[in-house]
Protein chains: 2
Amino acid sequence: MVTYSEKQLKPIDEFCPMWEVLTQEERFYLRENTKLQHFRKNEVIYCEGETPKFMMCLVTGKVKIYKDGVGGRSQIIRLIKPVDIFGYRAFFAKEPYLTSASTIESSSAYLVPMQVVEQIIQSNNKLALYFIQSLASDLGVDDARIVSLTQKHVRGRLAESLIMLRDNYGVESDGRTINSHLSREDLANYSNMTTSNAIRTLSNFVSEGVIAVSGRNIQILDEEQLRKISKIG
Amino acid sequence: MVTYSEKQLKPIDEFCPMWEVLTQEERFYLRENTKLQHFRKNEVIYCEGETPKFMMCLVTGKVKIYKDGVGGRSQIIRLIKPVDIFGYRAFFAKEPYLTSASTIESSSAYLVPMQVVEQIIQSNNKLALYFIQSLASDLGVDDARIVSLTQKHVRGRLAESLIMLRDNYGVESDGRTINSHLSREDLANYSNMTTSNAIRTLSNFVSEGVIAVSGRNIQILDEEQLRKISKIG
DNA sequence: GTATTTTTGTGCTGTAAAACATTGTTTTAA
DNA sequence: TTAAAACAATGTTTTACAGCACAAAAATAC
C-alpha cells in the first residue's frame, strides 16, 4: 500500500474539482498564495470569536466544526472529509467565527487567504456560483438538522448520525465498517445527547442486531431497520 | 395615516437595496419579469417537496418558513419581514423545497423567476457576492439556532425568541410593544416547545415583571433580565 | 345575535432523557 | 511497567417537559 507521504501531492487547483472553472492565470495566483499545513490529532484549527483569515481545504484526515453551548456542552455542527472546504462562512458573512474547528485525527489542509478567494470570485462568476451552491446546500442540511435534533428521540438521532457517518466517510474494505472512528463522546456531541446515552443506545442497537460494534469500529448490519429507527424515532 | 394601497409602490429594483448594484439594462430585465402577488392570511406560498421556481421579495406582511417534523409537530425555521427575500435557497442547492412557507398575516410579495435571478448573477458579480453574503449569514443564524434550540431550557428559548421578534420586527409607536402578533402556537413552534409551555412560561415572565401581555401584544419591560434568562436558561 | 370553531389558560400525570455514581477497560505518558 | 488519565459500560435517581383533559374566552361563521 502506498501511503500519503509517498505520493506526489497535487497542487490545490488540481486537488479539488471546485477550481476547475478557474483560468490559468487565476490558478497560478491561487497556487502561489496557498500553503499546506499539518495538524496533529485533536488540534484546534480555529476558535469561536476569531477573525476568519483563511479558507481550508482538507487534504487528509477528519475535522469537526463545533460550538460550545450552555454548561460546557459541545455541539458538533458538521463533519469535514478530505477535499471538503471549510472556514469561509464567517468571512463572507463579515462576522467573527461563530464556531470552532478541530481535527479528530491527524490531518493536513491547504490554507487559502480569504482575500485571495474573494478576489478570484470577483473576476470569476462560475466560482461565485459554486460558493452560492455550496452555502445553499449547507443551509438546507442545517434546516433539516434543526428539526431532527429537536424532534427525534435519542434512538432516531443516533440512527441518523450513523447513516450520515457512513454516507459521509464511506466504509472500509470489508464493505460494512464505517470509515470513521469517533469517540462515544463525539458521537454524542454530534447527535445531541449525553455520552452515557450514546453508549447505551449503541449497545441496544447491537442487541437488536442492527449494528455490530468493536471498540470504535461500527458496522451497519441492517440498514433498512436503521433507517426505520431514524425516521420514526 | 397613509395606507399601503394609497402609496405608489416602487418597482422591485428600487424597492429593496440589494438591486442597487444592477446596471440599467439588468434593472429593466428584472422589472419586466417580476410580478406582484397578494396572499391572504395563513395562505401557503410554497410547500416542501415542490420545485423552486420563484424568488420572493416580501413587500408587506409577515411570512414563516417552517418544516413539518415527526408527529405533525411543525418547526418554524425563520421569520420573514418586508424587503427580505426568501424561497431561493433550494433552487441554488438544486433541490426541491425542503421547507414550506406560509403567511402569518395578509401579505404581498414580488415574485422573480429564479432563471432571471440566475441570469443576472451570471453577468453581475456584485449580485453574486450579495447572495453569498446573505446565505452565509443565514447559515450562521442556523448554526447558532441548532445550539440554542437543543441546549437551552424552555425559559431560555422563549426569552431568546422574544428578543429576536423585537429585533426583527421592531416595536410599535409606544416604543415597547413588539410589532409582531404571533399566536401562542406559532411562538411555541418557533421556540421548539408545546403551546402549553409557551403559554405557561409567558405568564411566568409576566409574574416576574419581565414582560407585559395583552392578548397577542407583548411588551418587553425588563430587557436586561430577559437577556439574562436567554443566556443562562 | 347565536352557533361553531379556534385560541388561550390551567392543572395533572407519565416519561424520556439528563445527571450522577460506580466500575471496568484501554490508551497515554512518566 | 506502573501511574494516571481518558474512555467505555451500566445501574440508579431526578427532573424538565410532553401529553393529555378540560374550561374559558375570543374570533369567525352562519
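Preceding this section is the structure that the text describes.
Residues numbered from 1 in each chain as written. Chains lettered and ligands numbered in written order. Predicted model: local features only at pLDDT ≥ 70, side-chain atom pairs only at ≥ 80, totals over all residues. Heavy atoms only, no water.

**Q** What exactly am I supposed to notice about the protein's contact with DNA strand D here?
**A** As a structural note, the neighbourhood of DNA strand D is formed by 16 residues, with R184, R200 and R216 of chain A together with V154 and N197 of chain B the closest of them. When the atoms of DNA strand D within 4 Å of the protein are grouped by moiety, sugar and phosphate amount to 75% of the total. V154 of chain B places a polar main-chain atom, nitrogen or oxygen, 3.2 Å from a phosphate oxygen of DNA strand D. In the environment of DNA strand D, a phosphate oxygen lies 3.4 Å from a nitrogen or oxygen atom belonging to the side chain of T194 of chain B. Sort the elements by how many residues they give to the surface near DNA strand D and helix 8 (residues 195-207) of chain A lands first, with four residues. Of the residues in the surface near DNA strand D, the class split is three nonpolar, eight polar and five charged. (Near = heavy atom within 4 Å. Polar contact = N/O pair within 3.5 Å; in protein donor to acceptor, adjacent residues only side chain to side chain. Helix = DSSP H or I, 4+ residues; strand = E, 2+ residues; numbered from the N terminus. Nonpolar A, V, L, I, M, F, W, Y, C, P; charged D, E, K, R; others polar.)

**Q** Is there a simple way to explain the protein's contact with DNA strand C in this structure?
**A** Near DNA strand C you find 14 residues, and of these H153, V154 and N197 of chain A together with R184 and R216 of chain B are the closest. When the atoms of DNA strand C within 4 Å of the protein are grouped by moiety, sugar and phosphate amount to 79% of the total. Here a phosphate oxygen of DNA strand C sits 3.4 Å away from a polar atom, N or O, in the side chain of T194 of chain A. Separating a phosphate oxygen of DNA strand C from a side-chain N or O atom of R184 of chain B is a distance of 2.9 Å. The set of elements that each furnish at least two residues to the surface near DNA strand C consists of helix 8 of chain A together with helix 8 (195-207) of chain B. A per-class count over the surface near DNA strand C returns three nonpolar, seven polar and four charged.

**Q** Could you clarify how one ought to interpret the packing of helix 4 (residues 114-123) of chain B against helix 5 (residues 125-151) of chain B in this entry?
**A** All names here are of chain B. At a closest axis distance of 5 Å, the pairing of helix 4 and helix 5 adopts a crossing angle of 115 degrees. Residues V117, I120, I121 and S123 of helix 4 lie in contact with helix 5, whose contacting residues are N125, L127, A128 and F131. By residue class, the composition of the contact of helix 4 with helix 5 is six nonpolar, two polar and no charged. (Axes fitted to C-alpha atoms, helices over the stretch in contact; angles between N-to-C directions. Contact = heavy atoms within 4.5 Å.)

**Q** Please clarify how the interface of chain A and chain B should be interpreted in this entry.
**A** Where the parts come together, the accessible area they lose is often given as the size of the interface. Of the residues lining the interface, 44 residues belong to chain A; the matching set on chain B comes to 44 residues. Counting the contacts that link chain A with chain B gives two salt bridges. Two residues, D143 of chain A and R78 of chain B, come together in a salt bridge whose shortest N-O distance is 3.0 Å. Contributions of two or more residues to the side of chain A that touches chain B are made by strand 5 (74-80), helix 3 (89-92), helix 4 (114-123), helix 5 (125-151) and helix 9 (223-232) of chain A. With 21 residues, the single largest contributor to the side of chain A that touches chain B is helix 5 of chain A. Its residues assigned to classes, the side of chain A that touches chain B comprises 18 nonpolar, 14 polar and twelve charged. (Salt bridge = Lys/Arg side-chain N within 4 Å of Asp/Glu carboxyl O.)

**Q** So what exactly am I meant to see when it comes to the relation of the copies chain A and chain B here?
**A** When chain A is fitted to chain B, the residual RMSD is 0.0 Å, and the transformation amounts to a turn of 180 degrees plus an axial shift of 0.0 Å. Expressed as a symmetry operation, the mapping of one chain copy onto the other fits a two-fold axis. When the interface residues of chain A are mapped onto chain B, 100% of them are again interface residues, pointing to one common binding face. (Least-squares fit on C-alpha atoms with pLDDT ≥ 70 in both.)

**Q** I would appreciate a short explanation of the side chain of D186 of chain A in the present structure.
**A** Residue position: D186 of chain A is located in helix 7 (residues 184-191). If sequence neighbours within four positions are ignored, D186 of chain A has contacts with K64, I76 and I104 of chain A.

**Q** Please clarify how unusual backbone geometry should be interpreted in this entry.
**A** Excluding glycine, most residues fall at negative phi; most peptide bonds, likewise, are trans. Residue and element names in this part refer to chain A. Here V83, not a glycine, exhibits a phi torsion of approximately 80 degrees, which is positive. Position of V83 among the secondary structure elements: in the loop between strand 5 and strand 6 (85-86). Residue classification places V83 among the partly exposed positions, given a relative accessible area of 34%. Positive phi, close to 60 degrees, is recorded for K94, a residue that is not glycine. Structurally, K94 is set in the loop between helix 3 and strand 7 (100-103). (Buried < 20%, exposed > 50% of the residue type's maximum accessible area, 1.4 Å probe, protein only.)

**Q** When you look at helix 9 (residues 223-232) of chain B in this model, what are you seeing that I'm missing?
**A** Since the α-helix turns once every 3.6 residues, residues separated by three or four places project in the same direction. Residues and elements named next belong to chain B. Along helix 9, the residues classified as buried are L226, I229 and S230. Buried residues of helix 9 fall within an arc of 100 degrees about the axis and therefore sit on the same side. Summarising the geometry of helix 9, the exposed residues directed more than 90 degrees from the buried face are E224, K231 and I232. For helix 9, the secondary structure elements touched by its buried residues are helix 6 (154-169), helix 8 and strand 10 (217-220). (Arc of directions from axis to C-beta.)

**Q** Even after reading the chapter, I still don't get the pattern of salt bridges, so can you show me in this structure?
**A** As a working rule, side chains carrying opposite charge can pair if their charged atoms are close by. In total, this model carries 32 salt bridges over all chains according to the counting rule given. The partner of R40 of chain A in a salt bridge is E43 of chain A, with the nearest N and O atoms 3.8 Å apart. E43 of chain A sits in the partly exposed class, given a relative accessible area of 21%. Two residues, E160 of chain B and K152 of chain B, come together in a salt bridge whose shortest N-O distance is 2.4 Å. A relative accessible area of 24% places E160 of chain B in the partly exposed class. Given a relative accessible area of 12%, K152 of chain B falls into the buried group. Sharing partners across several salt bridges, the network here consists of D13, E14, R27 and R31 of chain A.

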